[in-house]
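Below, each chain spelled out in residue letters.
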Amino acid sequence: MEKTLKLSIVLPEQQLSQHSIDFIHWCHTNPQIELVCFIWTTSKYKSLKNFIEHWIWKKILFIERLKLKIKRLTKNDLVSQKKSLGVIQIFDLATKNKEVIKQIQDLEIDLHICLSEDINPESLKDYSRLGVLCVQGKSSNNLDKKPYFFEEILNAENKTTFNIICLEPNKRNPILLMQGSFVTHGYFLANQENIFLRQNFYIQKVLQDLILKEIETTEVQKNIGINNQALAPSISYQAKYVLYLVSLIIQRSFAFFKSEDVWNVGIYMGDWKTLDFQKSYVIPNPHNHFLADPFVMSVANKNYCFVEDYDVKKSKGAIAVYELGQECAEMVGIALEESFHLSYPYLFQYDSKIYMLPESGDNNDIRLYEASEFPLGWKLIRIIKRDVLAVDSMIFEHEGRWWLFSNINPIGDRDVCSELSIFYSDNPINGDWLPHEKNPVIFDPSSARNGGIILEESSIYRVGQNQRFGTYGGGGFSVNKIIDLRPGGYQEESVLKVEPNFFEDIKGSHHFHSNGVISAFDFLSQKNS
């Protein structure tokens, strides 16, 4: 196969991420990419103060790497692999040498991939056919610059955003190719490593689109500041960060002595638009179990609630069923249990049959069950997707098509809260599921993860979980009306936001469902509260 894209990789001289090495190996093994050269960059200390900042920051990160077991490589580690990578040229841009620039120009490179923060990528954009592709975080708005993905931790921000941009030759403003956000991690290096890991996948996707000539480069971003970020925060910000780390360690140490938090399910006998949490009742958790992720369904004049029933001793969930009364619920039994964890028992009807699509992320698949004897008899009829880390999936019909909404991590990493992907089919049971053109249609942990659904005759409302810094899945939820759902388009707007404060002393909430007659929700509280 003929190589169609000639690349250079722009790298920092020190502290290479293993994810950067993995990306280089991917480029080398891709038959349509020719990896032409490495371009090394080196940051210079502008003053004694700048030198001290870098020296102290290196010590802090060294300790953090030991704790998190994060490995970093050096220039020599990569140079030793030069022959196996087939890269025959290496350039050093520590100084702006006109001869070096000319040698780079003579290679007729298609695109520079900048994985270094040591250099302003604009300095290279005119020395390749397509310019420079790079990943940037949020730029500091003041003179006291900080490394990318650092300020989000210091400010306890719920999400960390990255941009994949292209700086084209002879053009002033960059092109935004992709933007996404992830849940902010508690440590700087963990936050940075998460971005490095995920950027690989999306840069690879951009390069494949370039090869196929299908990339969209229409969104000019005039408000993105292009500059080289500081590699070390100021002394004052480093001091704040150290204090934050100390408080984090103390907080996590004391967590061992706190009472356990458990999920609970609440029932409101009415439509979601008239919801009054104070008029709801709570289904008691069985001993050493807790309940979450409720879905309600009315069948043969009886009202049922399917829930995740988590066994604390087994560390595994099954699907339980409760029959709902006006003031209390009675357990019917366990509807579904596998050797792996199950949760999120989404239900739908098709051709007068009832189906369940429970979360089976621990088994790396999306599976479909049919009710053989409702509500407790179920049989597996299809594995919709295999070898995929997917959670909280839902199937429903809209305008003659069936739609599958799922939170999928495309690289199999643990974060399943940041991306919403959707698929469509002409048959929910036996049909092929085609991916939406815009996947992921939402790339934002403040709403991407499914937390339920409300299907009305003329409207569809998707419930989205809100992930918050320092918590998992308990930041409340939003009810979002879907206003555009097509194979080539998706749009929703928030009509309701629910904070986890509707009961006293609760710590979180992340799920809501209503069938128009009964509404169900969950919430996090201390055990026995």
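Our subject is the structure that appears above.
Notes on the structure follow. What you are looking at is a predicted structure, and each value in this text was computed from that prediction instead of being measured. Sequence order as written defines residue numbering, which begins from 1 separately in each chain. Local features in this predicted model are restricted to residues of pLDDT 70 or higher, and side-chain atom pairs are both shown and tallied only at a pLDDT of 80 or more, whereas totals for entire chains, interfaces and linings draw on every residue. Side-chain metrics rest on all non-hydrogen atoms present in the structure, leaving aside hydrogens and water.

**Looking at the overall build of the protein**
Now for step 1: Comment: elements are numbered from the N terminus, with helices defined as DSSP H or I runs of at least four residues and strands as E runs of at least two. Regarding its fold elements, the protein presents eight helices and 30 strands.
Now for step 2: As defined in this context, the radius of gyration uses C-alpha atoms, and a globule is described by 2.2 Å times the residue total to the power 0.38. Here the protein has a C-alpha radius of gyration of 26 Å; the compact-globule value for 529 residues is 24 Å, and the two agree.
Now for step 3: With the C-alpha coordinates of the protein rotated into their principal frame, the extents come out at 85 × 55 × 40 Å.
Now for step 4: For the exposure calls, accessible area comes from a 1.4 Å probe over protein chains only, and a residue counts as buried if that area is under 20% of its type's maximum, exposed if over 50%, partly exposed in between. Classification of the 529 residues of the protein by burial places 56% in the buried group.
Now for step 5: In the protein, the share of contacts with a sequence separation of at least 24, taken over all contacts with a separation of at least 6, comes to 60%.
Now for step 6: Measuring between centres, the 56 positive side-chain charges of the protein sit 8 Å from its 65 negative side-chain charges. The contact criterion used is simple: two residues touch if any of their non-hydrogen atoms lie within 4.5 Å. The positive count covers Lys and Arg only, the negative count covers Asp and Glu only, and His and the chain ends enter neither. Lys charges are placed at NZ, Arg charges at CZ, Asp charges at CG and Glu charges at CD.

**Some points on the sheet that holds strand β26 (residues 460-465)**
Now for step 1: Read across the sheet, four strands follow the order β25-β26-β27-β28 without closing on themselves; strand pairing throughout is antiparallel. Each edge of the open sheet is held by one strand with a lone partner, namely β25 (450-455) and β28 (489-498). Recorded for the sheet is a direction-independent mean angle of 30° between the axes of neighbouring strands.
Now for step 2: Between any two strands, pairing holds if DSSP finds at least two bridges. The sheet contact formed by strand β27 (residues 477-486) and β28 spans nine bridges and is antiparallel. What sits directly across from Asp-484, in β28, is Gln-491. Axis definition: a line fit to C-alpha positions, over the contact stretch in the case of helices; interaxial angles, taken between N-to-C directions, run 0 to 180 degrees.

**Looking at the packing of helix α1 (residues 18-29) against helix α7 (residues 188-211)**
Now for step 1: At a minimum axis distance of 9 Å, the contact between α1 and α7 shows a crossing angle of 20°. Between α1 and α7, the crossing angle belongs to the class labelled roughly parallel. Seen from above, α1 lies across α7 with right-handed handedness. Residue-level contacts link His-19, Asp-22, Phe-23 and Trp-26 of α1 to Glu-193, Phe-196, Leu-197, Asn-200, Ile-203, Gln-204, Leu-207 and Gln-208 of α7.
Now for step 2: Under the grouping applied here, Gly and all other residues not named as nonpolar or charged are polar, the nonpolar ones being Ala, Val, Leu, Ile, Met, Phe, Trp, Tyr, Cys and Pro and the charged ones Asp, Glu, Lys and Arg. Here the residues of the contact of α1 with α7 sort into six nonpolar, four polar and two charged. Oblique is the label for any angle not covered by the other classes, which are roughly parallel (under 35 degrees), roughly antiparallel (over 145) and roughly perpendicular (65 to 115). By convention, the crossing between two helices is left-handed when the near helix turns anticlockwise from the far helix through less than a right angle, and right-handed when the turn is clockwise.

**A short note on α7**
Now for step 1: Here α7 contains 24 residues, and its C-alpha end-to-end distance of 34 Å stays within 8% of the 34 Å for a straight helix at 1.5 Å per residue.
Now for step 2: Burial analysis of α7 places 19 of its 24 residues in the buried class, which makes it a mostly covered element.
Now for step 3: Of the residues flanking the end of α7, it is Lys-213, one or two places downstream, whose phi is positive at about 60°. Expected helix span is taken as 1.5 Å per residue step, with the number of steps being one fewer than the number of residues.

**Comments concerning the packing of aromatic side chains**
Two descriptors summarise a pair of aromatic rings, namely the distance from one centre to the other and the angle between the planes of the rings.
Now for step 1: Two rings from Phe, Tyr or Trp (for Trp, the six-membered ring) form a pair when their centres sit within 6.5 Å of each other. Planes less than 30 degrees apart are called stacked, planes more than 60 degrees apart edge-to-face, and all others tilted. Following the criterion strictly, the structure yields 40 aromatic pairs and no others.
Now for step 2: When the centroid spacing of 5.6 Å and the interplanar angle of 90° are considered together, the rings of Phe-295 and Tyr-346 count as edge-to-face. Of this pair, Phe-295 sits in strand β12 (residues 289-299) while Tyr-346 sits in strand β16 (residues 343-350); the two residues are 51 residues apart in sequence, bridging distant segments of the chain.
Now for step 3: Taking 5.1 Å as the distance between ring centres and 80° as the angle between the ring planes, the aromatic pair formed by Phe-503 and Phe-523 counts as edge-to-face.

**A short note on the pattern of salt bridges**
Now for step 1: Here a salt bridge means any side-chain nitrogen of Lys or Arg lying within 4 Å of a carboxyl oxygen belonging to Asp or Glu. Per the stated rule, a full pass over the model turns up 22 salt bridges.
Now for step 2: A salt bridge links Asp-415 to Arg-198; the shortest N-O distance between them is 3.4 Å. Taken as a pair, Asp-415 in the loop between β21 (401-409) and β22 (419-425) and Arg-198 in helix α7 lie far apart in primary sequence, 217 residues in all. Accessibility assignment for this pair places Asp-415 and Arg-198 in one class, buried.
Now for step 3: The closest approach of N and O atoms between Lys-353 and Glu-370, which form a salt bridge, is 3.8 Å.

**Points about the side chain of Gln-467**
Now for step 1: Following the sequence through the fold, Gln-467 ends up in the loop between β26 and β27.
Now for step 2: Reaching out from Gln-467, the side chain makes a polar contact with the side chain of Gln-465 at a distance of 3.1 Å. Pairs of N or O atoms are called polar contacts if they sit within 3.5 Å, as long as, within protein, a hydrogen donor faces a hydrogen acceptor (for residues adjacent in sequence, only side-chain-to-side-chain pairs).

**A look at helix α2 (residues 48-68)**
Now for step 1: For α2, with 21 residues, the first-to-last C-alpha span of 30 Å sits near the 30 Å given by 1.5 Å per residue.
Now for step 2: In this fold, the buried residues of α2 make contact with β4 (72-73), α7 and α8 (235-254).
Now for step 3: Note on α2: the residue one or two positions beyond its end, Lys-69, has a positive phi of about 60°.

**Regarding the environment of Asn-363**
Now for step 1: Mapped onto the fold, Asn-363 is located in the loop between β17 (353-360) and β18 (365-373).
Now for step 2: Considering only alpha carbons, one finds Asn-363 and Lys-507, 144 residues apart in sequence, at a separation of 29 Å.

**Topic: the pairing of β18**
Now for step 1: With seven of nine residues buried, β18 lies mostly within the body of the structure.
Now for step 2: As judged from the four bridges shared by β17 and β18, these two strands associate in the antiparallel manner. Looking at the pairing, Tyr-355 lines up with Glu-370 of β18.
Now for step 3: Hairpin geometry of β17 and β18 is characterised by an intervening segment of four residues between the two adjacent antiparallel strands and by a positive phi of about 55° at Asn-364.
Now for step 4: Here β18 pairs with strand β19 (residues 377-386) via eight bridges, running antiparallel. Paired with Asp-365 across the bridge in β19 is Arg-386.
Now for step 5: The hairpin turn running from β18 into β19, its antiparallel successor, is three residues long.

**Overview of the nonpolar core**
Now for step 1: Membership of the largest hydrophobic core comes to 39 residues, with the highest contact counts inside it found for Ile-9, Ile-113, Ile-164 and Leu-207.
Now for step 2: Counting residues per element, the ones that place at least two in this core are β1 (5-12), α1, β3 (33-41), β6 (111-114), β7 (132-136), β8 (159-167), β9 (175-183) and α7.
Now for step 3: If we ignore the near neighbours within four places in the chain, the residues touching Ile-113 are Leu-7, Ser-8, Ile-9, Val-10, Phe-23, Leu-133, Ile-203 and Leu-207.
Now for step 4: If you look at the next biggest cluster of nonpolar residues, it comprises 34 residues, including Tyr-346, Ala-390, Tyr-424 and Tyr-490. The term nonpolar core refers to a set of buried residues drawn from Ala, Val, Leu, Ile, Met, Phe, Trp, Tyr and Cys, joined through side-chain atoms within 4.5 Å.

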